[in-house]
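Below, each chain spelled out in residue letters.
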Amino acid sequence: SQTIHQWPATLVQPVGSPLSLECTVEGTSNPNLYWYRQAAGRGLQLLFYSVGIGQISSEVPQNLSASRPQDRQFILSSKKLLLSDSGFYLCAYTGLAGGHTYNEQFFGPGTRLTVL
Amino acid sequence: AQKVTQAQTEISVVEKEDVTLDCVYETRDTTYYLFWYKQPPSGELVFLIRRNSFDEQNEISGRYSWNFQKSTSSFNFTITASQVVDSAVYFCALSEGLSNDYKLSFGAGTTVTVRA
């Protein structure tokens, strides 16, 4: 079965500090991977997506970057956090089953980031 | 322009009442997909249903039902005999065309509160 993991679950960081959030997927190969941010009480904002290793598309110019060093690993980073980076970060993937890619996205448990 | 509109910000009902969540979408593509997701207080988004543009059959799954009407560009979601566990934020989403990025455009979400 397919599963998705994110860590850490919660994070409190000072302004100006670096950030690294990790997302891994199991049970599928060559998934599309996505990073979303959700500000408190708001909707979902797509930050980055990747259709393959080393392929990153950015949706919103910002203080963050993403990388995909392995097929099922997606990393969200920042060199210097801003207060506005606080939020709930969700990773998602599209799954492959029986040779068919399903375009519904499945989400991880999320990382709650607070920048102080 | 907003591709997915969920006009209802919040809905509050008493247990056992029915609740209908509205979703109106906008696209020029003839092939597209519509989704509903549930976000309980824990934060993780749970996939509920996918509908493609060529399948206008309504669907029922337990207490959940979905009404897809291309003529009005709507994909509404009804919870019958609501329960406290249905309290969550519900998101409608759209994936357009045949691109392999499978990006989703989310609505702003509707917060459903079911009171005992």
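Scroll up to find the structure.
Values in this document were obtained by computation on a predicted structure and should not be read as measured data.

Draft legend 1. A look at the nonpolar core. Ranked by size, the top nonpolar core spans 24 residues in total, and within it B:Leu21, B:Trp36, B:Trp66, B:Phe77 and B:Tyr90 carry the most contacts. Counting only elements with at least two residues in this core, the list comes to β2 (10–14), β3 (19–21), β5 (32–39), β6 (46–52), β8 (64–69), β9 (74–79), β10 (88–96) and β12 (110–115) of chain B. Looking at which element gives the most residues to this core, the answer is β10(B), with four residues. If near-sequence neighbours (up to four positions away) are discounted, B:Phe77 is found in contact with B:Val19, B:Thr20, B:Leu21, B:Trp36, B:Leu48, B:Tyr64, B:Ser65, B:Trp66 and B:Tyr90. In this structure, A:Leu19, A:Cys23, A:Leu33 and A:Ala66 belong to the second largest nonpolar core, which totals 20 residues.

Draft legend 2. The arrangement of the layout of surface pockets in detail. Considered as a void within the structure, the largest pocket measures approximately 410 Å³ in volume. Looking at the largest pocket, it is lined by 22 residues, and the ones nearest its centre are B:Lys3, B:Leu94, B:Leu104, B:Ser105 and B:Phe106. In terms of residue class, the lining of the largest pocket is built from ten nonpolar, seven polar and five charged. In this structure, the second largest pocket spans a volume of roughly 350 Å³. In terms of lining, the second largest pocket is formed by 19 residues, of which the most central are A:Gln38, A:Ala39, A:Gly41, A:Arg42 and B:Gln39.

Draft legend 3. The sheet that holds strand β7 (residues 65–70) of chain A, seen in detail. Residue and element names in this part refer to chain A. The strand order across the open sheet built from four strands is β1-β3-β8-β7, with neighbouring strands paired in antiparallel fashion. The sheet is open, and its two edges are formed by β1 (3–7) and β7, each paired on a single side. Looking at each pair of strands side by side, their axes are set apart by 20° on average, direction ignored. As paired strands, β7 and strand β8 (residues 73–78) are joined by four bridges and run antiparallel to one another. In the sheet register, Ser-65 faces β8, and the bridge partner there is Ser-77.

About the thresholds
- Residues numbered from 1 in each chain as written.
- Chains lettered and ligands numbered in written order.
- Predicted model: local features only at pLDDT ≥ 70, side-chain atom pairs only at ≥ 80, totals over all residues.
- Heavy atoms only, no water.
- Core = buried A, V, L, I, M, F, W, Y, C linked by side-chain atoms within 4.5 Å.
- Buried < 20%, exposed > 50% of the residue type's maximum accessible area, 1.4 Å probe, protein only.
- Helix = DSSP H or I, 4+ residues; strand = E, 2+ residues; numbered from the N terminus.
- Contact = heavy atoms within 4.5 Å.
- 1 Å grid on protein atoms, 1.4 Å probe; cavity = no way out; pocket = protein on both sides within 12 Å on 5 of 7 lines; lining within 4 Å.
- Points joined across faces, edges and corners; volume = space filled by probe spheres on them.
- Nonpolar A, V, L, I, M, F, W, Y, C, P; charged D, E, K, R; others polar.
- Pairing = 2+ DSSP bridges.
- Axes fitted to C-alpha atoms, helices over the stretch in contact; angles between N-to-C directions.

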